[in-house]
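Chain residues, written in single-letter form:
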Amino acid sequence: MPVFKMASHNAGIGKTDYTVVKDFNANEDENLKSLIDSLLNRTYTTGKYQTKRIYEPKERLIYILDYPHRVVQHALIDELEHTFINMFIKDSYACIKGRGIHQASLRTTEFIQTNEYCLKMDIRKFYPSINHDILYKMLKRKFKDEGILWLFKDIIYSFPGETNVPIGNLTSQWFGNFYMTALDRLVKEELKIKCYLRYCDDFLLFSNDKAELNNAKYRIIDFLKNELHLTLSKCDLFKTSRGVDFVGYRHFKHYLLLRKSTAKRIKKKLPKIYQKYKAGLILPDEFRSIVDSYIGWAEWANAYNFIKSTKLLEYRSEVMARFSDIAEENDKNLRKLEGEKVRIDDWLDKTIKITNFRVEPSNYKDKNGKVRNRIGFEFYYEGTPRVIFTSACTLMYLIPKYCKKDDPLEAKIIKKADGQYIFG
């Protein structure tokens, strides 16, 4: 049950106001037990997809499952994430914690320093082109648990036809990255290209030998066609001095610029988003998240003029002032936490009674310079009050959800092998 509790939390992040999430959480334990029973009995079947068309950053068809099926996929990936990661090369950067866009950008800049040529390639309609049979055969070679393979098969073949792992499924991100490990092995083990990195279906090869990259190009085209049934939408061999456009940035030897198309799109969208915020159509927290994501993206590059012209810092100051007013008002209605301050790891696996909590800014910042929040919670053990402060995101979700005013929460905190704290 703890795995599915966490899956329910992860699936609902940013969606707690959605009716389907509220309905599921209203009887969460009963709904999770029903899901677990159907999986154990193998009566579970992935549901039908609804579709939604989006147009930013490019036109795509998104496939959406009913909420319980999304919980199942989160539980599956939560259990197998480390297994998948161990199969990926160190220069694979999509959907891996600690290996995101900025890390891929750093690696690209590093390769530019010592290589004269770059081969840039991109798969045409990648997710819709993934072949079901090939994917499942690859998974069967790596996973031996019959229950896991049964669920893999159910998810993969839930989409009609021979191809497509639907954009919108959490599993599709991991299946897509796993599918491309066959290419990684070709490039690293057979072609012996040392300077290679991949962000899902976009990948770069670097060398000082143009002929080497030209030969690699034709080998890769043949491999993709014959082994993975994929074709390219982009294939460009050029000098790195021209600049390498990758993961939203234009990389040069001594500086980094924003991708022109992305900068132009943000300049067009941001004033409209601000007007919605002022009109009350977007909540302050959502507007802050949008602004912070844009700032985090822009600050990574040499983009002073862009940040200034878009008024991003002014927007952030405005919304943070709003949050300060809200926090000050909330503080008037909160009693202080009482008890001796203790370490969370000293209180694992003990039944405690949580009586009060508060979420507040911590003294630490994340890698993008944003101040991280923390939760402080008051609990009683054998009649004595104590207080724990932590930035654990799982507890920042679970405690406010289950600890209500005048209704203390009796719980036992457990630390998983991956370092996450959950309720037992």
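Refer to the structure printed above.
In this report, the structure presented in the accompanying data block is examined. The model shown is predicted, which means the values in this text are computed figures rather than measured ones.

Procedures and definitions
- In this numbering scheme, every chain counts its residues from 1 along its sequence in written order.
- Selection of residues for local features in this predicted model requires a pLDDT of at least 70, selection of side-chain atom pairs for listing and counting requires 80 or more, and totals for whole chains, interfaces and linings are taken over all residues.
- Processing note: side-chain calculations cover all non-hydrogen atoms of the structure and skip hydrogens and water entirely.
- Axis lines are fitted through C-alpha atoms, for helices just across the contact stretch, and the angle between N-to-C directions can take any value from 0 to 180 degrees.
- Here a helix means four or more residues in a row that DSSP labels H or I, a strand means two or more in a row labelled E, and each is numbered from the N terminus.
- Working definition: roughly parallel below 35 degrees, roughly antiparallel above 145 degrees, roughly perpendicular at 65 to 115 degrees, and oblique for all remaining angles.
- Contacts are residue-level and defined by heavy atoms, with any inter-residue pair within 4.5 Å sufficient.
- At least two DSSP bridges between two strands are required for those strands to pair.
- Here a pair means two rings of Phe, Tyr or Trp (six-membered ring of Trp) with centres within 6.5 Å. Their orientation is stacked below 30 degrees between planes, edge-to-face above 60, and tilted elsewhere.
- Only protein chains enter the accessibility calculation, which uses a 1.4 Å probe; a residue whose area is less than 20% of its type maximum is buried, one above 50% is exposed, and one in between is partly exposed.
- What counts as a salt bridge is simple: a side-chain nitrogen of Lys or Arg found within 4 Å of a carboxyl oxygen of Asp or Glu.
- In a helix, the anticipated span is given by 1.5 Å times the number of residues less one.
- Note that bend, as reported per residue, equals the angle between axes fitted to the 7 residues terminating at that residue and the 7 residues originating from it.

## Looking at the packing of helix H2 (residues 19-26) against helix H3 (residues 28-40)
Thinking step 1. Where H2 meets H3, the axes come as close as 5 Å, and the angle between the chain directions of the two elements is 90°. Between H2 and H3, the interaxial angle falls into the category roughly perpendicular. Side by side, H2 and H3 meet where Asp23, Phe24, Asn25 and Ala26 of the first sit next to Glu28, Asn31, Leu32 and Leu35 of the second.

## Remarks on the sheet that holds strand S9 (residues 256-258)
Thinking step 1. Read from one edge to the other, the open sheet built from three strands follows the order S7-S8-S9, with strand pairing classed as antiparallel. For this open sheet the edge positions go to strand S7 (244-246) and S9, each flanked by a neighbour on one side alone. Here the strands of the sheet are splayed against their neighbours by 30° on average, with no regard to which way each runs.
Thinking step 2. The sheet contact formed by S7 and strand S8 (residues 249-251) spans three bridges and is antiparallel. Looking across to S8, one finds that Phe246 is bridged to Tyr249.
Thinking step 3. Lying on the sheet, helix H5 (residues 101-114) is in contact with S7, S8 and S9; it crosses S8 at an angle near 20°.

## Details of the packing of aromatic side chains
Thinking step 1. All told, the structure shown has 27 aromatic pairs when counted by the stated rule.
Thinking step 2. Where Tyr277 meets Phe287, the ring centres are 4.3 Å apart and the plane angle is 5°; that geometry is what we call stacked. Taken together, the residues Tyr277 in helix H12 (residues 260-278) and Phe287 in helix H13 (residues 284-299) connect sequence positions 10 residues apart. The pair formed by Tyr277 and Phe287 is uniform in burial state, with each residue classed as buried.
Thinking step 3. Where Trp347 meets Tyr381, the ring centres are 5.1 Å apart and the plane angle is 75°; that geometry is what we call edge-to-face.

## Remarks on the pattern of salt bridges
Thinking step 1. For the structure on display, the rule yields 18 salt bridges.
Thinking step 2. Across the pair Lys33 and Asp37 runs a salt bridge, and its minimum N-O distance is 3.0 Å. Of this pair, Lys33 and Asp37 both sit in helix H3, four residues apart, which is roughly one turn of that helix.
Thinking step 3. The structure contains a network of salt bridges with shared partners spanning Lys5, Glu28 and Asp29.

## With respect to the pairing of strand S4 (residues 195-199)
Thinking step 1. Counting buried residues along S4, four of its five residues qualify, which places the element largely inside the surrounding structure.
Thinking step 2. Pairing of S4 with strand S5 (residues 202-207), which is carried by five bridges, proceeds in the antiparallel orientation. Looking across to S5, one finds that Tyr196 is bridged to Leu205.
Thinking step 3. The hairpin turn running from S4 into S5, its antiparallel successor, is two residues long, and Cys200 in that turn takes a positive phi close to 60°.

## What about helix H4 (residues 67-85)?
Thinking step 1. The end-to-end C-alpha distance of H4 is 26 Å, a good match for the 27 Å that 19 residues give at a rise of 1.5 Å each.
Thinking step 2. Remark: the principal bend of H4, roughly 45°, maps to Glu79.
Thinking step 3. Counting buried positions over the 19 residues of H4 gives 14, a clear majority of the element.

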